[in-house]
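A closer look at the structure
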Amino acid sequence: MNDDVFKKVRIKISLMTLVLLAVFLFLLIGAFNLYLEFSNRHSAVVVLRELVENNGFMRKPRSRGESSDSHSSHLFTLAQDTRSVLWLRLALSGYRNFCTMRLESDGSIRKIINPFYDPLDLIDETELVKTIFAQNKPSGFVQDYLWRLEPRGDGFLLAMIDRSAELQQQRRFGIVSVLLYLFNLLVAFVFARIFSAWSVMPLREAFTRQKQFVADAGHELKTPIAVIGANIDVLEKEIPQNKWLEYIKAENVRMGQLVKGLLYLAQNDIGRFEYTVFPFDLAAASAYAVLPFESIAFEQGKTLNISIPHTKIPVEGDESKIKQAIIILMDNALKNSEKGAVISVTVGQGGGKGFVQVHNTGRGIKEEDMEKIFNRFYRVDTSRDRKTGGYGLGLSIAQSIAEVHHGKITVESEEGKYAQFTFSIPLSFPRHR
């Protein structure tokens, strides 16, 4: 049970680390990809604006006495001669594969000022222009082409930039980003597991020392409690029917029960408690544990219904501890039900397991308390502690007995109506632990 607690702590630490890192990397990589897209798009828009402002030519720095148009024509000629877009883009930073043309008022091509210089661009310019002109707006994005349409005289000036290469690069970068993102999460998961194991080591050691202390202290307390009980018996013979002695005796018995429960849980936690595993009849053991409660239920004005088969239910385990778990469930049902309640006990087998089901009508259990009732010293109704005499250890002990036998205790409840506990263990006790 304690190993499960530390596993949950490690899982929570690992998940928290992964979630924080995943969110950070997602925001970082996402922001970088968005910046790359907006930056490239802004650069393309700037180039389009320059093309429109310069009547379809790219404006570049020029030497003294050289006109802008002649310089742009020179660059276009260079592009046509080299036939190499890749090295031209490296040589002229920001230079793009663009096309400019003059259109008639009806959208037909009057003159191509600068065609696309990339020889790999096998497009139908006429169909592309028709698609752009049909949109009837000054700018936009069609396929992989960013365009801008400006009125010029009795026609239009159309400038287009082919963004297919950079969009493909962005897609590749996006794929690489996702792969790096997943790889980093995988590496982070491995380190988180290692870190979580290292981080819980001090907690595990402190918890082990605490359990050791409780086990040792509980063992030492058994002797003075026994001595007090023996002295009370002697005093009762000397001073019979003394209410103060009765109070002392009752509290000493309560203290003995508390120490006994603590000692069992502590020894079980550190592996000191030894179970005696033998085959036995679960039906007979259940009857032995349940039948003494008939008189208690009658005195409390409650109805006890018992359904135990006459045939044997052969199981393997520590019979005395199984009886103790059943007694705890019966005691819990009686303590948490009012006068007139019905308590039903059903014993049976199925699915390779033997089970004991204890059902009682009454206040039930709130949904928020369902997972807490097995915690040590937890009590749903603290106002009844003195009346019922419980310390909140019973269900913890019953659960530990079930877990040692590789079984479990499940609970079902509806507030204000009923509560039902089912104790189940395998018919055969697993030998590997």
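Residues numbered from 1 in each chain as written. Predicted model: local features only at pLDDT ≥ 70, side-chain atom pairs only at ≥ 80, totals over all residues. Heavy atoms only, no water.

**Some words on the sheet that holds strand E1 (residues 98-103)**
One open sheet accounts for five strands, arranged E2-E1-E5-E4-E3; its pairing is antiparallel. Pairing within the sheet leaves two strands with one partner each, and these edge strands are strand E2 (109-114) and strand E3 (139-142). When the angles between neighbouring strand axes are averaged without regard to direction, this sheet yields 25°. Examined bridge by bridge, E1 and E2 share four bridges and lie antiparallel to one another. When the sheet's bridge partners are listed, Leu 103 is paired in E2 with Ile 109. (Pairing = 2+ DSSP bridges. Helix = DSSP H or I, 4+ residues; strand = E, 2+ residues; numbered from the N terminus. Axes fitted to C-alpha atoms, helices over the stretch in contact; angles between N-to-C directions.)

**Here we look at the environment of Gly 140**
Checked against the element boundaries, Gly 140 lands in strand E3. For Gly 140, a relative accessible area of 13% gives the class buried. Once the C-alpha coordinates of Gly 140 and Met 160 are considered, the two residues, 20 residues apart in sequence, prove to be 9.8 Å apart. If we ignore the near neighbours within four places in the chain, the residues touching Gly 140 are Tyr 145, Leu 146 and Trp 147. (Buried < 20%, exposed > 50% of the residue type's maximum accessible area, 1.4 Å probe, protein only. Contact = heavy atoms within 4.5 Å.)

**Here's the deal with the side chain of Glu 166**
Inspection of the secondary structure assignment puts Glu 166 in helix H5 (residues 164-238). In this structure Glu 166 comes out as buried when scored by relative accessible area, which is 13%. Here Arg 163 takes part through its side chain, which lies 2.6 Å from a polar atom of the side chain of Glu 166. Beyond its immediate sequence surroundings of up to four residues, Glu 166 is in contact with Asn 40 and Arg 96. (Polar contact = N/O pair within 3.5 Å; in protein donor to acceptor, adjacent residues only side chain to side chain.)

**A short note on the sheet that holds strand E12 (residues 418-426)**
If you trace the five strands from one edge of the open sheet to the other, you get E7-E9-E10-E12-E11, paired in mixed fashion. A single partner strand is all that each edge strand has here, and the edge strands are strand E7 (303-307) and strand E11 (408-414). Averaged over all pairs of adjacent strands, the angle between their axes in this sheet comes to 15°, without regard to strand direction. Where E11 and E12 come together, seven bridges link them in antiparallel fashion. Within E12, the position partnered with Glu 412 by the bridge is Gln 420.

**Points about unusual backbone geometry**
If you check the backbone angles, Gln 143 has positive phi at about 55° while not being a glycine. Here Gln 143 shows up in the loop between E3 and strand E4 (145-152). Taking relative accessible area as the criterion, Gln 143 reaches 61% and is therefore assigned exposed. The phi angle at Gln 241 is positive, at roughly 55°, despite the residue not being glycine.

**Considering the pattern of salt bridges**
Counted by the stated rule, this structure contains eleven salt bridges. Here Arg 110 ties to Glu 104 by a salt bridge, and the two come within 3.1 Å at their closest N and O atoms. According to the relative accessible area criterion, Glu 104 is partly exposed, its value standing at 28%. Salt-bridge contacts for Glu 236 lead to Lys 249; the nearest nitrogen and oxygen are separated by 3.5 Å. Taken as a pair, Glu 236 in helix H5 and Lys 249 in helix H6 (residues 243-269) lie far apart in primary sequence, 13 residues in all. Among the charged side chains, a salt-bridge network with shared partners connects Glu 37, Arg 163 and Glu 166. (Salt bridge = Lys/Arg side-chain N within 4 Å of Asp/Glu carboxyl O.)

All quantities given are derived from atomic positions and should not be read as evidence of function.
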